[in-house]
Amino acid sequence: MSGLFSWDAWATVWNHRESFLLGLGNTLLTAFSALVLAFAIGAVIGLMATSGKKPLKFIARVYVEFIQNTPLLLQLCFLYYALAFAGLSLGVIRTGIIALGVYTGAYMGEVVRAAIESVPKGQFEAAQAQGFNYLQRMGYIILPQSIPVMLPPMVNQVVNLFKNTSCLYIVGGADLISVTYSFVTGASTGGAYAPAYIVCGAIFFVVCFPLSTLATRWEASLKERKGKADPALRAVKRTALKEAA
Amino acid sequence: MIKLEHVEKYFGDLHVLKDINLEVAEGEKLVIIGPSGSGKSTTVRCMNFLEEPTSGHVYIDGQELTSKNKTKLVRETTSMVFQQFNLYPHMTVLKNLTLAPMKLHHKTKQEAEELAYHYLEVVGLRDKANVYPTQLSGGQQQRIAIARALCAQTKIILFDEPTSALDPETIQEVLDVMVNLAHEKNITMVVVTHEMGFARQVADRVVFMADGQIIEEGTPEHFFTNPKNERVRQFLGKIIR
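Residues numbered from 1 in each chain as written. Chains lettered and ligands numbered in written order. Predicted model: local features only at pLDDT ≥ 70, side-chain atom pairs only at ≥ 80, totals over all residues. Heavy atoms only, no water.

Undergrad: Can you walk me through the sheet that holds strand E10 (residues 213-218) of chain B in this structure?
TA: Within a sheet, adjacent strands bond to each other through the backbone by hydrogen bonds, running parallel or antiparallel. Residues and elements named next belong to chain B. Strand order in the open sheet formed by 6 strands is E6-E7-E8-E3-E9-E10, with mixed pairing between adjacent strands. Edge positions in the sheet fall to strand E6 (78-81) and E10, since each has one partner strand and no second. Taken pair by pair, the neighbouring strands of this sheet meet at an average axis angle of 20°, ignoring direction. In this structure, E6 lies alongside strand E7 (residues 156-160), joined through 4 bridges in parallel fashion. Within E7, the residue paired with Ser 79 across the bridge is Ile 157. Relative to strand E8 (residues 188-192), helix H6 (residues 168-182) is tilted by about 150°, and along the sheet it contacts strand E3 (29-33), E7 and E8. (Pairing = 2+ DSSP bridges. Helix = DSSP H or I, 4+ residues; strand = E, 2+ residues; numbered from the N terminus. Axes fitted to C-alpha atoms, helices over the stretch in contact; angles between N-to-C directions. Contact = heavy atoms within 4.5 Å.)

Listed below in structure tokens is the structure:
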């Protein structure tokens, strides 16, 4: 063995490629299932927060504040050991899915709330004055206008969720980070930690970078379109251009 | 047709409507005027429960309006035209006009579109059926909003300062449409406006509000020639030059 980045070290990682792929598989499975849960929670919390009903708003607020102001790692440990203590052993992956889903759900809820609140009040009033009920107002008028607004920040939450699977290692998960961690601390593989961490990081980057780029571009094009659609803004731009000329 | 009985409205500590009693007959064209902050808009918004009164009763067509029956009763009886038009920006003009008839009034697509084109004709914008609201001027948007209200074919149309957000040069085109509409005998119109010429031309009755109260009411004739109340005189003196 010579040096952190020796050929031997890279070869060790390559020989264990299957465990890394398995780890990636577990991470993807956990992230995807947690995402489904987070979407469901986010939709419910977001609708509660914008419902105008005080008790519902309050519950949504408490949930979001509680989740956002305590560490994910703590929530995960708490859930894992609390469930174990209650005699429920769901296994690391399912516990991880629940913890990450509940955590990301709070952020998704905020995204949904902000997007719904970005729709002008007059739209709600026009729909109500026409006699649409709550579900119809949301379905025909409010959500079609707010979903384009919520998608980019949601993609960012997906990126965060994917990276947050790394917290699973605290309860001994089988995800990519946990696999990497046991690899670099393993008796036979321990010397190869530099390449192992690089490979792990590269995998995360390859998944996350396209997603976050997509979100950024999406958001920019949305702003562009909104600018075009708004006659007032257009007028301001025109005047600014004239003045510049 | 519409009856407000002892209606009180508070926004927090702010007492915006003080014991409003008002009856609007079927087919009547009622214009509500008064300084800003006098509660005109809140009064008209109580008529379709966009604002629910803190106390008092609102009756539409003899039925009491409640938070339980408001969606259904409002759908069947009233339409509203807003200061900011509030057209749905993600839909074409035609979609804006056909949504409620199709989803709420059980019209087929064909019936709804025939209705939409008919009322687009009425407001003189038939050629704009397939454009999006943001591509139209304020005056055109408001005419579309009036067409949308007409598509619901309700007996009551509420207008909440329909020309206040418009450029001066487009106000007249909207007023013209409203004046034509006022010739329809069976439509009840309640109009909150600062357009005194319009009030004079179409109102059966004018109500003057100040500080959340109805100060004076009467025919336009009475109002513009010989108002009793000093506040009304002052207001009209300022607004009519």
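Undergrad: When you look at a nonpolar patch on the surface in this model, what are you seeing that I'm missing?
TA: Residue and element names in this part refer to chain A. Together, Leu 4, Phe 5, Trp 7, Trp 10, Leu 73, Tyr 169, Ile 170, Tyr 181, Tyr 193, Tyr 197 and Ile 198 give the surface a local cluster of nonpolar side chains, amounting to about 1,100 Å² of exposed area. Where the nonpolar patch is concerned, the elements lending two or more residues are helix H1 (7-15) and helix H9 (193-229). Per-element tally for the nonpolar patch: the top contributor is H9, with 3 residues. Structurally, Tyr 181 is set in helix H8 (residues 176-185). For Tyr 181, a relative accessible area of 39% corresponds to the partly exposed category. (Patch = residues over 30% accessible without salt bridge, like charges linked within 9 Å, V, L, I, M, F, W, Y side chains within 5 Å. Areas by Shrake-Rupley, 256 points an atom, 1.4 Å probe, with all protein chains shown as cover. Salt bridge = Lys/Arg side-chain N within 4 Å of Asp/Glu carboxyl O. Buried < 20%, exposed > 50% of the residue type's maximum accessible area, 1.4 Å probe, protein only.)

Undergrad: I keep staring at the sheet that holds strand E5 (residues 63-64) of chain B and nothing clicks. Help me out?
TA: Residue and element names in this part refer to chain B. Strand order in the open sheet made by the 4 strands is E2-E1-E4-E5, with antiparallel pairing throughout. Two strands in the sheet have a free side with no partner beyond their single neighbour: strand E2 (14-24) and E5. Across 7 bridges, strand E1 (residues 2-11) lies against E2 in antiparallel orientation. When the sheet's bridge partners are listed, Lys 9 is paired in E2 with Leu 17.

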